[in-house]
4 protein chains.
Amino acid sequence: MNFENHVPIYIQIIDLIKRDIVLGICKPGDKLQSVREYALALKVNPNTVQKAYQEMERMSLAFTKRGIGRFIVEEEAIVLKLKHEMSDEIAHVFIEKMIELGYTSDEILSTVKKMLNGGKK
Amino acid sequence: MNFENHVPIYIQIIDLIKRDIVLGICKPGDKLQSVREYALALKVNPNTVQKAYQEMERMSLAFTKRGIGRFIVEEEAIVLKLKHEMSDEIAHVFIEKMIELGYTSDEILSTVKKMLNGGKK
Amino acid sequence: MNFENHVPIYIQIIDLIKRDIVLGICKPGDKLQSVREYALALKVNPNTVQKAYQEMERMSLAFTKRGIGRFIVEEEAIVLKLKHEMSDEIAHVFIEKMIELGYTSDEILSTVKKMLNGGKK
Amino acid sequence: MNFENHVPIYIQIIDLIKRDIVLGICKPGDKLQSVREYALALKVNPNTVQKAYQEMERMSLAFTKRGIGRFIVEEEAIVLKLKHEMSDEIAHVFIEKMIELGYTSDEILSTVKKMLNGGKK
DNA sequence: GTGGTCTAGACCACA
DNA sequence: GTGGTCTAGACCACG
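Residues numbered from 1 in each chain as written. Chains lettered and ligands numbered in written order. Predicted model: local features only at pLDDT ≥ 70, side-chain atom pairs only at ≥ 80, totals over all residues. Heavy atoms only, no water.

Draft legend 1. Focus on the protein's contact with DNA strand F. Around DNA strand F sit 28 residues in total, of which Ile9 and Thr48 of chain A, Pro8 and Ile9 of chain C together with Arg70 of chain D are the nearest. Within 4 Å of the protein, the contacting atoms of DNA strand F are 70% sugar and phosphate, with bases supplying the remainder. Note that a phosphate oxygen of DNA strand F is positioned 3.1 Å from one of the side-chain N or O atoms of Tyr10 of chain A. Within the side chain of Asn47 of chain D, one N or O atom sits 3.3 Å away from a base nitrogen of DNA strand F. Elements that contribute at least two residues to the surface near DNA strand F include exactly α1 (9-22) and α3 (46-58) of chain A, α1 (9-22) and α3 (46-58) of chain C together with α2 (35-42), α3 (46-58) and β2 (69-72) of chain D. (Near = heavy atom within 4 Å. Polar contact = N/O pair within 3.5 Å; in protein donor to acceptor, adjacent residues only side chain to side chain. Helix = DSSP H or I, 4+ residues; strand = E, 2+ residues; numbered from the N terminus.)

Shown next as C-alpha cells:
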C-alpha cells in the first residue's frame, strides 16, 4: 500500500485485487482473505479493507456468504471483462490527454513506440 | 469544470491553463485573468482559482507583479518543455499500467492503434 | 434459502416451517427432520438449523423429546393461530408503511386491488 | 432513530430522508444537512450519517458539491418515482407473503379493508 | 471463525 | 465551513 499518494487506500486495495484477478493470481469463485487477515497483511485498519470489499460487491466483483466469507464472483468471463475494461479506460484517458495537448495520431503512436523501446523507466 | 470526478478543481484549472499555453492560446509573458474574473467565468470559488495560481507560481509557471497582476513566465522554452513534460508523464503512466495488467509491448501498440482508428471522441 | 438478502437464514428456516404448518404440509404433532438431515437438505450449516429449532421452541412452536427428536407442538389450534398471527402482523406492517408514505385508505385499497389483478408472480 | 431493532441506523436514516422527500418536506435540489449537523441532531456518530449519505449517492438520490455540501438530486420526477417505488415494493412484499400463507385474493382484500376500518393499531 | 455496524476521534483537501 | 478517509476498538448476529 502506498500511504503517500492521494489515492484512497481502499481504492488501492481494490485495484490490487483486480490486478490479481486479471493476472490469474486469484480466480473466479476463490475465497478472498477475511477482512481481518487481509488488514493484518496490508497493515491497514480492518475497516479499510471492509470498505474495499463492500465496494467490490457493489461493482459485482465479489459477494458475501454470511458467516463464511467473501468470494470473487463465479463468472469466468469476469477476468477478460475486467482486463478489457481496465485497459480500455487507461488507453482512452491516455489518448484523450495527448490529443488535448495537440498531438496527432502519428505523434502519439511514435511516442508510444519510442517509450516501449526505451525500455526502462 | 467537472465537479463530479475526484480531480481537485484547482488542478483542473491548472491543466486548463497549461493546455492553453501548449496550444498557444496564451503565450509566455501574457497576463492571466484576475482571480475574480476567472472565478466568475469558471463559476468557481475565488479561493479555488487563487490556489491554482499559487500552485502555478510554485511550479514556476507564473509570477506576480504586485499591484499589476499575474503573468505567465516569460521564458519561450516553457511551451515545448511543458508539452514534453506532460506528454512524457502521460505516456509513461499509460505504459506502466498496461504492463501491470500483463500486456506485452505489441499488445499495447495494437491497442493504441485500434483506439486511434476507432476515433470516437 | 436466500443467502443474498439480509434476512437471517435461521429466520428464513422458521418461516419455511411455519408456512408448511399453515398450509397443512406438516401437522401438529409431526416430527421435524433432524438437524443434520434438514441442514443437508437445505445446504446450510447444521448450527443454523439448530438455532432455528431452538428459536421455535422458545416460541412454543416445537418441543424436544429427548433421544427421540423434535416435534411440532400438538395443539391443533396452532394452525389457525399461526395463520392469523402472521397475516395480522404482515397486514399491519403493510398498512402502517403505506400511511407513512402519505397514502389514504382509498389509495391503499386500490393499490392492493391493482396488484392482485396485475397478478404477476 | 430506533437503536433497539436490528435495522441498521444508516438505513433508517435513508428511509427517513426518503420519506421526507415523498412527503414534500424536502424538495429536489435542496441541500441536505451537513454530516456533522445531522449527526448531532440524530445523536449518532457522523460516520453513520456519512454512510447513509454515500449510500444515497449510490442510489442517485443525492450528490456532492465538493466543499459546499450535499444536495438532493435535482430531478423533480424523483418524488413520484420514489413514492411509487417504495409503495410498490411494500405492497408487493405484503401480497406475496399473504399468498404464501394460503390466502386468496378476496381474503387479502377483505383483511385490508377490515384493518383500514378498524383504524387504530 | 466470519462479516456488519457503530462510536470516538483524528487528519486532510477543498471551497 | 464542507465532505472523504482512516484508525482503533468495540459489539453483534451468523455459521
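Draft legend 2. Highlighting the domain arrangement of chain A. All names here are of chain A. Partitioning chain A into structural domains gives domain 1 (9-72) and domain 2 (78-118). The gap between the C-alpha centroids of domain 1 and domain 2 is 28 Å. Contacts between the two partners involve six residues from domain 1, matched on the other side by five residues from domain 2. With both sides pooled, the region where domain 1 packs onto domain 2 buries about 590 Å², and carbon together with sulfur makes up 89% of that total. If you sort the residues of domain 1 by the area they bury against domain 2, Lys18, Ile21 and Val22 come out on top, with a joint share of 63%. On the surface where domain 1 and domain 2 come into contact, there are zero salt bridges. Summed over the shared surface of domain 1 and domain 2, the number is zero residue pairs in polar contact (both at pLDDT 80 or more). Looking at the side of domain 1 that touches domain 2 residue by residue, the class counts come to four nonpolar, one polar and one charged. (Domains from an automatic or database assignment. Contact = heavy atoms within 4.5 Å. Buried area = accessible area lost by both parts, 1.4 Å probe. Salt bridge = Lys/Arg side-chain N within 4 Å of Asp/Glu carboxyl O. Nonpolar A, V, L, I, M, F, W, Y, C, P; charged D, E, K, R; others polar.)

Draft legend 3. Examining the relation of the copies chain B and chain A more closely. For the match of chain B to chain A, the screw axis carries a shift of 0.3 Å, the RMSD comes to 0.4 Å, and the turn is 178 degrees. Considering both components of the superposition, the chain copies are consistent with a two-fold axis. Across chain B, the rotation axis passes nearest the C-alpha of Phe94 of chain B, at a separation of 3.1 Å. The share of interface residues of chain B whose copies in chain A are also at the interface is 100%, consistent with both copies meeting through the same surface. (Least-squares fit on C-alpha atoms with pLDDT ≥ 70 in both.)

Draft legend 4. Representation of the relation of the copies chain D and chain C in the model. Its rotation angle being 178 degrees, the transformation that places chain D on chain C also includes 0.3 Å of axial translation and leaves an RMSD of 0.5 Å. When the interface residues of chain D are mapped onto chain C, 97% of them again lie at the interface, so the same face is used by both copies.

Draft legend 5. Region of the structure containing the interface of chain B and chain A. The interface is formed by 28 residues belonging to chain B together with 29 residues belonging to chain A. Together, Leu101, Met115 and Leu116 of chain B form the three largest contributors to the area buried by chain B at its contact with chain A, with a combined 22%. Taken together, chain B and chain A are joined by two salt bridges. Across the salt bridge formed by Glu100 of chain A and Arg19 of chain B, the nearest N and O atoms sit 3.4 Å from each other. On the surface where chain B and chain A come into contact, there are four residue pairs in polar contact (both at pLDDT 80 or more).

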